[in-house]
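Spelled out, the chains give:
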Amino acid sequence: MKETQILKTYDVERDIEDIKKAAEILKNGGIAAIPTETVYGLAADAFNPDAVEKIFKAKGRPSDNPLIVHISQFSQIYSIARSVPESVKRLAEKFWPGPLTIILPKKAAVPSVTSGGLDTVAVRMPKNPIARKIIELSCPLAAPSANISGFPSPTAFEHVKADMYGRADAICDGGKCGIGVESTVITLAEETPVLLRPGGITLNQLKSVLGEVRVADAVLNPMGEGEKAQSPGMKYKHYAPKARITVCKGGFEFFKNAAADFDSVLCFEGEEKFFPDKITVTFGKKDDPLTQTERLFESLRELDERGAENALARCPSAEDLGLAVCNRLFRAAGFRFLREKKGIIAGLTGPTGAGKGYVSEYLRELGCYICDTDKIYRELTGKNSPFLNVLSRNFGQDIIDGEGNLSRSLLAHRAFKSKDSQEKLNKLTHPEILRISFERCRNALESGADAAVIDAPLLFESGGDKKCDVVISVICPEEIRLKRIMERDGITEERARERMSAQHGDEFYTDKSDYVVRSYSPYNICEELSDFQKKYLSGE
Ligand code: TXA
Ligand code: MG
């Protein structure tokens with residue numbers, strides 16, 4: 001066991017001596033827990049591999065899970081990131097110091113232990129003045145949350161002490177953390193920015209600066225087997241107390257009845273009185289996500305302290321800051337849900353350029369599992385896929401080269417030369433794509449998604465619509481489609497019109513659909529889908 005110094009760091013001026021002690025320990029290769037505005041971090045000199053190594057050891061953290069490098073002034077980013085796009089400056093201007101972590105290409109000077117072996121690195125400038133002062137007096141600090149790996153993150157000195165006493169060289173007592181959940185993590189290392197972990201800076205705030213931002217599937221859904229994590233942290237069990245948590249998706253009446261089978265409830269403030277014979281722990285007010293982030297991790301620890309074994313938890317709304325609450329709570333529950341409404345599989349289709357992509361992105365943000373059939377087609381016809389044998393038996397061995405690659409042009413040439421051959425190809429590919437799609441959707445529903453959406457341009461043609469619980473079609477006026485297709489595919493107006501005329505008219509879609517989205521812009525989707533959302537996606 002290590003000797004752990006307890007330092008008092010409530011006020012930058014008054015407690016400057018203890019702040020200096022913490023900085024000294026860090027400069028000399030030690031590890032110290034420090035307060036931030038999100039959760040407590042376990043810090044070490046980000047550029048000292050031996051010091052960083054100690055963090056992994058103290059937390060029992062898997063070595064491939066990278067750390068965030070904390071800075072106190074913007075210029076430090078240039079010693080960490082290989083390139084700093086313009087958008088980072090705009091984000092920093094608005095949200096730094098604050099709970100936002102940005103993933104960027106890494107400079108060689110950042111040791112590979114810090115970045116978990118990745119070529120990218122996470123950077124954040126915390127708002128907490130104590131944290132910033134400690135960095136200022138020492139150096140950029142690598143700091144994950146100061147909990148033992150897998151347990152809830154610490155939001156109060158007592159939590160850190162419980163986890164890190166005897167493991168860290170020092171623990172700074174800076175009282176309670178304000179926000180209570182870890183920072184928002186966004187990667188700019190890809191073409192479109194991707195939100196990897198929701199936190200204090202919301203998706204809408206990010207969009208206000210960046211325009212388009214994608215939400216990673218793993219934010220509200222468990223990772224599929226064999227799926228590659230965009231952020232290594234996504235794949236590990238997280239935030240879990242010892243108590244077994246089940247999240248109840250449904251109204252309060254349903255929750256009250258369902259609670260009979262549990263020894264404890266995790267509910268919103270004011271609801272305790274309905275459960276006189278249970279262990280009750282609250283996590284904020286129902287309609288106030290900031291009170292929920294503040295309390296969530298503490299409430300999970302409290303369940304354990306009070307001996308809860310099997311808890312039923314209320315499900316918060318996933319809007320705005322609520323996305324961060326759901327993300328942590330669902331993981332703490334290992335994606336175990338009890339639901340009032342049955343999860344559904346929705347088919348999503350529409351002609352090219354109508355804006356299906358916007359709609360599927362919107363549904364993803366609402367927590368739907370999205371199954372992209374184009375992507376499945378690419379998987380099926382990817383290098384060495386067993387399905388290539390089926391294709392080559394039907395269209396000639398020479399469509400596959402010696403290295404197991406499909407010649408797409410040769411296949412297209414043979415398949416599109418007659419109606420019969422095209423039908424032959426469809427008869428082979430459509431059932432296989434649908435089989436895989438429905439299998440993935442059913443898995444997603446089983447692990448908690450309210451809805452799984454099959455994004456399929458040929459939903460009706462393949463017969464997939466008949467197997468879906470509901471069908472959503474996306475249509476839009478021709479002139480808007482025309483523009484979108486020209487822009488998206490970089491083609492002339494003539495070619496775009498040709499492409500559109502080869503497609504079905506709107507009635508083909510609307511006649512057979514339960515919901516029709518008229519998508520004039522990415523911004524009217526919300527209204528168009530409000531009935532669908534109310535019926536299938538809202539908790540209450
Ligand atoms: O609010 C916070 O961010 C807190 C305080 C202490 O600043 N820190 C924190 O760190 O939450 P940690 O290590 O518990 O979470 C960092 C997350 C992990 O999920 C990790 O996988 C991800 O960020 N991450 C770090 N570097 C990454 C990279 N290069 N690419 C993708 N994900 C990365
Ligand atoms: Mg953590």
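Data block above holds the structure.
For clarity, every value in this text was computed on a predicted model and none was experimentally measured.

Student: Before we move on, could you go through the sheet that holds strand S19 (residues 451–455) and cite the residues and values that matter?
Tutor: Strands sit in the order S18-S19-S17-S20-S21 across an open sheet of 5 strands; the sheet is parallel. Of all strands in the sheet, those with a lone pairing partner are strand S18 (369–372) and strand S21 (515–518), marking the two edges. Adjacent strand axes in the sheet meet at a mean angle of 25° when their direction is disregarded. Relative to S19, strand S17 (residues 344–349) runs parallel, the two being bridged by 5 bridges. Each bridged residue has a counterpart across the sheet, and for Ala346 the counterpart in S19 is Val453. The sheet strands contacting helix H11 (residues 373–380) are S18 and S19, and the helix crosses S18 at an angle near 50°. Relative to S19, helix H14 (residues 419–446) is tilted by about 160°, and along the sheet it contacts S17, S18 and S19.

Student: An account of the pairing of strand S3 (residues 41–45) is needed here, citing residue identities and associated values.
Tutor: Among the 5 residues of S3, 5 are classified as buried, and the element is accordingly described as predominantly covered. Hairpin remark: strand S2 (residues 32–34) followed by S3, antiparallel, with 6 residues in the connecting loop. As judged from the 2 bridges shared by S3 and strand S7 (residues 141–142), these two strands associate in the antiparallel manner. By the bridge assignment for S7, Ala44 is matched with Ala142.

Student: Provide a residue-level description of a nonpolar patch on the surface, including the pertinent values.
Tutor: Taken together, the side chains of Met1, Ile6 and Tyr165 present a nonpolar region at the surface, about 370 Å² in accessible area. Accessibility expressed as a relative area gives 86% for Met1, which makes it exposed.

Student: Explain the pattern of salt bridges to me, and be specific about the residues and the numbers.
Tutor: Applying the stated criterion to the full structure yields 35 salt bridges. For Arg214, the salt bridge identified is with Glu361, shortest N-O distance 3.9 Å. A residue pair is termed long-range when its members are at least 10 positions apart, and Arg214 in strand S11 (residues 214–215) and Glu361 in helix H10 (residues 356–365) qualify at 147 residues. Glu361 sits in the buried class, given a relative accessible area of 15%. Across the pair Asp398 and Arg414 runs a salt bridge, and its minimum N-O distance is 2.8 Å.

Student: Describe the packing of aromatic side chains, and please don't skip the residues or the numbers.
Tutor: On inspection of all chains with the given rule, the structure shows 14 aromatic pairs. On the numbers, 5.7 Å between centres and 90° between planes, the contact of Phe460 with Phe508 is edge-to-face. On the criterion of sequence distance, the pair formed by Phe460 in the loop between S19 and strand S20 (470–475) and Phe508 in helix H17 (residues 506–510) is long-range, its members being 48 residues apart. With relative accessibility at 22%, the residue Phe508 sits in the partly exposed group. Through pairs of rings, three or more aromatic residues link up here, namely Phe252, Phe255, Phe274 and Phe275. Over the ring of Phe255 we find Arg314, and its NZ or CZ is 5.6 Å from the ring centre.

Student: An account of the packing of helix H12 (residues 387–395) against H14 is requested, with residue identities and associated values reported.
Tutor: Look at H12 against H14: their axes get within 11 Å of each other, and the N-to-C directions meet at 165°. With respect to H14, the axis of H12 lies roughly antiparallel. Of the two elements, H12 crosses H14, and the hand of that crossing is right-handed. When H12 is examined against H14, the residues Phe387, Val390, Leu391, Asn394 and Phe395 are found in contact with a partner set consisting of Ser421, Lys424, Leu425, Leu428, Thr429 and Glu432. Across the contact of H12 with H14, the residue classes break down as 6 nonpolar, 3 polar and 2 charged.

Student: Now, about the pairing of S17: what can you tell me, with residues and values included?
Tutor: Counting buried residues in S17 gives 6 out of 6 residues, a clear majority hidden from the surface. Here S17 shows no split at all, with Ile344, Ala346 and Leu348 on one side and Ile345, Gly347 and Thr349 on the other all buried. Pairing of S17 with S20 involves 4 bridges; the strand directions are parallel. In the sheet register, Leu348 faces S20, and the bridge partner there is Ile472.

Student: I'd like a rundown of the state of the cysteines, residues and numbers included.
Tutor: Taken as a whole and judged by the stated rule, the model has 0 disulfides. Looking at the unpaired Cys267, the closest cysteine sulfur is the one in Cys248, lying at 12 Å. Exposure remark for Cys267: the relative accessible area of 0% places this residue in the buried category. Between Cys315, a free cysteine, and Cys326, which holds the nearest cysteine sulfur, the sulfur-to-sulfur gap is 4.8 Å.

Student: I'd like to hear about the sheet that holds strand S10 (residues 194–197), residue by residue, with values.
Tutor: One open sheet accounts for 11 strands, arranged S1-S8-S2-S3-S7-S4-S6-S5-S9-S10-S11; its pairing is mixed. Each of the sheet's edge strands pairs with one partner strand only, and the pair in question is strand S1 (5–8) and S11. Inspection of the sheet shows S10 paired to S11 by 2 bridges, in the parallel sense. Within the sheet, the bridge partner assigned to Leu195 lies in S11 and is Val215. Each of S1, S2, S3, S7 and strand S8 (170–173) is contacted by helix H1 (residues 16–27), which is oriented at about 135° to S1, the strand it contacts most. Of the strands in this sheet, S3 and S7 are in contact with helix H2 (residues 49–59), which crosses S3 at around 155°.

Student: If you had to explain the site of ligand 1 to someone new, which residues and values would you point to?
Tutor: Lining the immediate environment of ligand 1, one finds 26 residues, of which Thr38, Asn65, His70, Ser183 and Gly233 sit closest. Here an oxygen atom of ligand 1 and a side-chain polar atom of Asn65 are 2.7 Å apart. A distance of 3.0 Å separates an oxygen atom of ligand 1 from a polar atom in the side chain of Arg197. Protein chains bury 96% of the 680 Å² of accessible surface belonging to ligand 1 in isolation. For the shell around ligand 1, the elements supplying multiple residues, two or more each, are strand S4 (68–70) and strand S6 (120–124). No other element matches S6, which puts 4 residues into the shell around ligand 1. Tallied by class, the residues present in the shell around ligand 1 amount to 12 nonpolar, 10 polar and 4 charged.

Parameters and conventions
Residues numbered from 1 in each chain as written. Chains lettered and ligands numbered in written order. Predicted model: local features only at pLDDT ≥ 70, side-chain atom pairs only at ≥ 80, totals over all residues. Heavy atoms only, no water. Pairing = 2+ DSSP bridges. Helix = DSSP H or I, 4+ residues; strand = E, 2+ residues; numbered from the N terminus. Axes fitted to C-alpha atoms, helices over the stretch in contact; angles between N-to-C directions. Contact = heavy atoms within 4.5 Å. Buried < 20%, exposed > 50% of the residue type's maximum accessible area, 1.4 Å probe, protein only. Patch = residues over 30% accessible without salt bridge, like charges linked within 9 Å, V, L, I, M, F, W, Y side chains within 5 Å. Areas by Shrake-Rupley, 256 points an atom, 1.4 Å probe, with all protein chains shown as cover. Salt bridge = Lys/Arg side-chain N within 4 Å of Asp/Glu carboxyl O. Phe/Tyr/Trp six-rings, centres within 6.5 Å; stacked < 30°, edge-to-face > 60°. Lys NZ or Arg CZ within 6 Å of the ring centre and 35° of its normal. Parallel < 35°, antiparallel > 145°, perpendicular 65-115°, else oblique. Left-handed = near helix turned anticlockwise from the far one by under 90°. Nonpolar A, V, L, I, M, F, W, Y, C, P; charged D, E, K, R; others polar. Disulfide = S-S within 2.5 Å. Near = heavy atom within 4 Å. Polar contact = N/O pair within 3.5 Å; in protein donor to acceptor, adjacent residues only side chain to side chain.

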